[in-house]
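Given next are the chains, with one letter for each unit.
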Amino acid sequence: MMDKVILAGFGGQGVMFLGKVLAYAGMGSDLELCWIPSYGPEMRGGTANCSVVLSDEEIHSPVIDQADAAIVLNKPAYDKFAPRIKPGGVLVVNSSLAKLDEVREDITVIQIPATEIANEMGNTSIANMVSLGALIPHLNLVDLAKVEKAMVKLVAKRPELLETNLTAINKGMNYQG
Amino acid sequence: MEKVLLKGNEVIGEAAIRSGCRLFFGYPITPSTEIVEYLSAQFPKVGGTVLQAEDEIGAINMCYGAACTGSRVMTASSSPGVSLKQEGISFSAAVGLPMVIVNVNRCGPGLGGLGPAQSDYYQSTRGGGHGDYRTIVLAPSKAQELYDYTMLAFDLADKHRLPVLLHTDGFLGQTMEPVVLKERPEAPETDRSWVVDGAKGRKKRILASYSLTNEIGEANNLRWEAKYKHIQETEQRWEEFHTEDAEYLLVSFGTTARICKSTVLNARKKGIKLGLIRPITLWPFPNDAFVPYKDKVKGIVSVELSMGQMIEDVKLAVECKMPVELYRRQGGMLPTEHEILTFVENTFNLSAVEEV
């Protein structure tokens, strides 16, 4: 079983961190995984993306041709990555920053106003975690408990962030569109 | 054993520390910079020294000096930077100095780009600098191998007294994968009778590559030639993947080799008997790997991130007994497992094979 996930948005929206949460969630349950950032000139155009492959067997090709799932935090990321989801896959869209005219019908598109929800919480930078919450129920190999464990490790140096992040994830999970 | 999640470049740094290396000289260049960054943070904790030289030429000659004293030493760079190091590598090979040189390939020529490439294959496997010499070249394809082969590189450098090159790319360097931090293997006793570490109480030793007469020159060349022959006979390394019954073979190393493994599995689902030979040592090229398949396999595809460089070694290894074709991407692009399979099917007319 595998989860091939693409994460994309503006630089500063916490895209790489999103990927790390998934990667550490995989680490915690002894999965095989690859965390692949965009790097070099790709990073300098203001957009950021990274992909995470989680698997319960050895990962040969780490190249994601068609993803099982994606989180896109703005419109340019939506335009670029919506066509890269395999039929039957899941796309979480931050609808605060991406208004969609039409959506693919062969995939599940979850539109969640993640930035608005984050703003209501008083912390605009956790829209990434709100979006992650919306994706978690659709992943094969990662669940909330694994993500929580990973988060504890990732924010070990700033424990005050733990609750904020977990609350954001929960809000995303429980959002009813 | 501890399992950690690190970027490929950081894995190389960690392996260097655990190999007992305590000296690193370099000049930063993307996409290799995390190696010097990681060591700058970690080396001081274990009494090691990182020195950022004035340029790549300075760095490789500092490695030369450190290696003369018998210390384990490493440098890391990316393609244009490695070009600058070539004079120093040639001198180090001539004197027989163990050192580990990491080349996180950029795509070239010129300044090139930062995406994954294998276009330094010729430079890496043919010596690279002036004169008749070789360096052992190791090609990892995932984070665990970045760790294991870095350790192996130090041991091979000591064992054979020569620079060893680790040939990797930005994709491997930037990707994080879980790595088991294995203990350093028991290194065999190596000859240290040549080390320049103070001559008090013994005869002085000289490490120099200048030959005063042609006779001395030829004797030196013959000595080195014998060493390279011995390495070719004893150090070929490769991995085979579904080769036993293969009718067609892919040959690929590094990042593309792991993509090819997915191609092989997909091909087998379609009833195509495809296998993979993955060279681990690019020099010495694993000619022995091809011996059992020379008269058996119907065709070979060399999958590379260059105009096609390794393909020459593949053709020599199979003595051109069957068609050897090239599938390549360049400029920092990676192939998908599907496009490689489509190429195999089209090239060898296999699309008619029944689904199983």
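Treat the numbers as computed from the prediction; the structure is a model and nothing was measured. (Residues numbered from 1 in each chain as written. Chains lettered and ligands numbered in written order. Predicted model: local features only at pLDDT ≥ 70, side-chain atom pairs only at ≥ 80, totals over all residues.)

**Q** Describe the overall build of chain B, naming the residues involved and giving the relevant values.
**A** Looking only at helices and strands, chain B features 12 helices and 14 strands. Radius of gyration (C-alpha) of chain B: 21 Å, near the 21 Å computed for a compact globule of 356 residues. The C-alpha extent of chain B, read off along each of the three principal axes, is 75 × 50 × 40 Å. Restricting the contact set of chain B to residue pairs at least 6 apart, pairs at least 24 apart contribute 79%. (Helix = DSSP H or I, 4+ residues; strand = E, 2+ residues; numbered from the N terminus. Rg over C-alpha atoms; globule rule 2.2 N^0.38 Å. Contact = placed C-beta atoms within 7 Å.)

**Q** I'd like to hear about the overall build of chain A, residue by residue, with values.
**A** Each helix and strand counted, chain A has 6 helices and 6 strands in total. Secondary structure of chain A in N-to-C order comes out as β-α-β-β-β-α-β-β-α-α-α-α. Compactness check: chain A gives a C-alpha radius of gyration of 15 Å against a globular reference of 16 Å for 177 residues, within 12% of the reference. The dimensions of chain A, computed from C-alpha atoms along their principal axes, are 40 × 40 × 35 Å. Among the 177 residues that make up chain A, the fraction classed as buried is 48%. Considering only contacts within chain A whose residues lie at least 6 apart along the sequence, 59% involve residues at least 24 apart. (Buried ≥ 20, exposed ≤ 12 C-beta atoms within 10 Å, placed from the backbone.)

**Q** Report on the interface of chain B and chain A, specifying residues and quantitative values.
**A** Listed by partner, the interface residues are 18 residues for chain B and 16 residues for chain A. Looking at the side of chain B that touches chain A, the elements with two or more residues in it are α8 (170-174), β8 (176-180), α10 (254-269) and α12 (337-347) of chain B. A class-by-class count of the residues in the side of chain B that touches chain A yields 7 nonpolar, 7 polar and 4 charged. (Nonpolar A, V, L, I, M, F, W, Y, C, P; charged D, E, K, R; others polar.)

**Q** Can you explain the sheet that holds strand β7 (residues 163-169) of chain B? Please cite residues and give values.
**A** All names here are of chain B. If you trace the 7 strands from one edge of the open sheet to the other, you get β3-β2-β4-β5-β7-β6-β12, paired in mixed fashion. Edge positions in the sheet fall to β3 (49-52) and β12 (281-283), since each of these pairs with one other strand and no more. Going across the sheet, the axis of each strand differs from the next one's by a mean of 25 degrees, ignoring polarity. Bridging between strand β2 (residues 23-26) and strand β4 (residues 73-77) involves 2 bridges; their strand directions are parallel. Within β4, the position partnered with leucine 23 by the bridge is valine 73. Across the face of the sheet, helix α7 (residues 143-160) comes into contact with β5 (99-105), β6 (136-138) and β7 while running at roughly 165 degrees to β7. (Pairing = 2+ DSSP bridges. Axes fitted to C-alpha atoms, helices over the stretch in contact; angles between N-to-C directions.)

**Q** Lay out the packing of helix α1 (residues 8-18) of chain B against α7 of chain B in plain terms, naming residues and giving numbers.
**A** All names here are of chain B. Relative to each other, α1 and α7 sit at 30 degrees, their axes nearing to 8 Å. The angle between α1 and α7 falls in the class roughly parallel. As α1 runs across α7, the sense of the crossing is right-handed. Contacts between α1 and α7 involve Gly8, Val11, Ile12, Glu14, Ala15 and Ala16 from the first element and Ala143, Leu146, Tyr147, Thr150 and Met151 from the second. Classifying every residue of the contact of α1 with α7 gives 8 nonpolar, 2 polar and 1 charged. (Parallel < 35°, antiparallel > 145°, perpendicular 65-115°, else oblique. Left-handed = near helix turned anticlockwise from the far one by under 90°.)

**Q** Which residues make up the environment of glycine 112 of chain B, and what are the values?
**A** Looking at the element boundaries, glycine 112 of chain B is found in the loop between β5 and α6 (121-125). Excluding its chain neighbours within four sequence positions, the residues that come into contact with glycine 112 of chain B are Ser79, Pro80, Arg106 and Cys107 of chain B.

**Q** Can you explain the pairing of β2 of chain B? Please cite residues and give values.
**A** Neither face of β2 of chain B is exposed, since Leu23 and Phe25 of chain B on one face and Phe24 and Gly26 of chain B on the opposite face are all buried. With helix α2 (residues 33-42) of chain B bridging β2 of chain B and its parallel neighbour β3 of chain B, the resulting β-α-β unit is right-handed. (Right-handed = clockwise from strand over helix to strand, strands pointing away.)

**Q** Tell me about the domain arrangement of chain B, and name the residues and values.
**A** All names here are of chain B. Along its sequence, chain B is carved into domain 1 (3-199 + 221-234) and domain 2 (238-347). Across the contact, 28 residues belong to domain 1 and 22 residues belong to domain 2. Mapped onto the side of domain 1 that touches domain 2, the elements with two or more residues apiece are α6, β6, β7, α8 and α9 (214-234). Sorting elements by how many residues they give to the side of domain 1 that touches domain 2 places α6 first, with 4 residues. Among the residues forming the side of domain 1 that touches domain 2, the class breakdown is 14 nonpolar, 11 polar and 3 charged. (Domains from an automatic or database assignment.)

**Q** Give a description of the nonpolar core that names residues and reports values.
**A** Counting 158 residues, the largest nonpolar core has Ala70 and Val72 of chain A together with Val100, Leu138, Ala153 and Leu249 of chain B as the members making the most contacts within it. Top element by residues in this core is α7 of chain B. It accounts for 10 residues. Counting contributing residues, this core receives three or more from each of domain 1 (3-199 + 221-234) and domain 2 (238-347) of chain B. Leaving out residues up to four positions away in the same chain, leucine 138 of chain B has contacts with Tyr149, Leu152, Ala153, Val164, Leu166, His167, Ile280 and Thr281 of chain B. (Core = buried A, V, L, I, M, F, W, Y, C linked by C-beta atoms within 7 Å.)

**Q** Which residues make up unusual backbone geometry, and what are the values?
**A** All names here are of chain B. Of the consecutive residues glycine 108 and proline 109, the connecting peptide bond is found in the cis state with omega at 0 degrees. Relative to the elements of secondary structure, proline 109 occurs in the loop between β5 and α6. In this model, tryptophan 283 is joined to proline 284 through a cis peptide bond whose omega is -5 degrees. If you check the backbone angles, arginine 161 has positive phi at about 55 degrees while not being a glycine. Even without a glycine there, the phi angle at histidine 242 is positive, about 55 degrees.

**Q** So what about the confidence of the model for chain B? Which residues, and what values?
**A** Averaged over all residues, the pLDDT of chain B is 96; the fraction at 70 or higher stands at 99%. Two summary scores accompany this predicted model of the complex, namely pTM at 0.95 and ipTM at 0.93. (pLDDT = per-residue confidence, 0-100.)

**Q** Please set out the sheet that holds strand β11 (residues 274-279) of chain B residue by residue, giving values where relevant.
**A** Two modes of strand pairing occur in sheets, parallel and antiparallel, and in both the strands are linked by backbone hydrogen bonds. Residues and elements named next belong to chain B. Ordered in space as β9-β11-β10-β13-β14, the 5 strands form an open sheet in which the pairing is mixed. Every other strand in the sheet has two partners, leaving β9 (238-241) and β14 (324-328) as the edge strands with one partner each. Ignoring which end each strand starts from, the neighbouring axes of this sheet average 20 degrees apart. The pairing of strand β10 (residues 248-251) with β11 spans 4 bridges and is classified as parallel. The residue of β11 that forms the bridge with valine 251 is isoleucine 277.

**Q** Tell me about the packing of helix α3 (residues 56-68) of chain B against helix α5 (residues 86-95) of chain B, and please be specific about residues and values.
**A** Residue and element names in this part refer to chain B. Direction vectors running N to C along α3 and α5 enclose 15 degrees, while the axes themselves pass 8 Å from each other. The angle between the axes of α3 and α5 places the two elements in the roughly parallel class. Once α3 is placed against α5, the crossing between them reads as right-handed. Mapping the contact onto sequence places Ile57, Ile60, Asn61, Tyr64 and Ala67 in α3 and Gly88, Ile89, Phe91 and Ser92 in α5.

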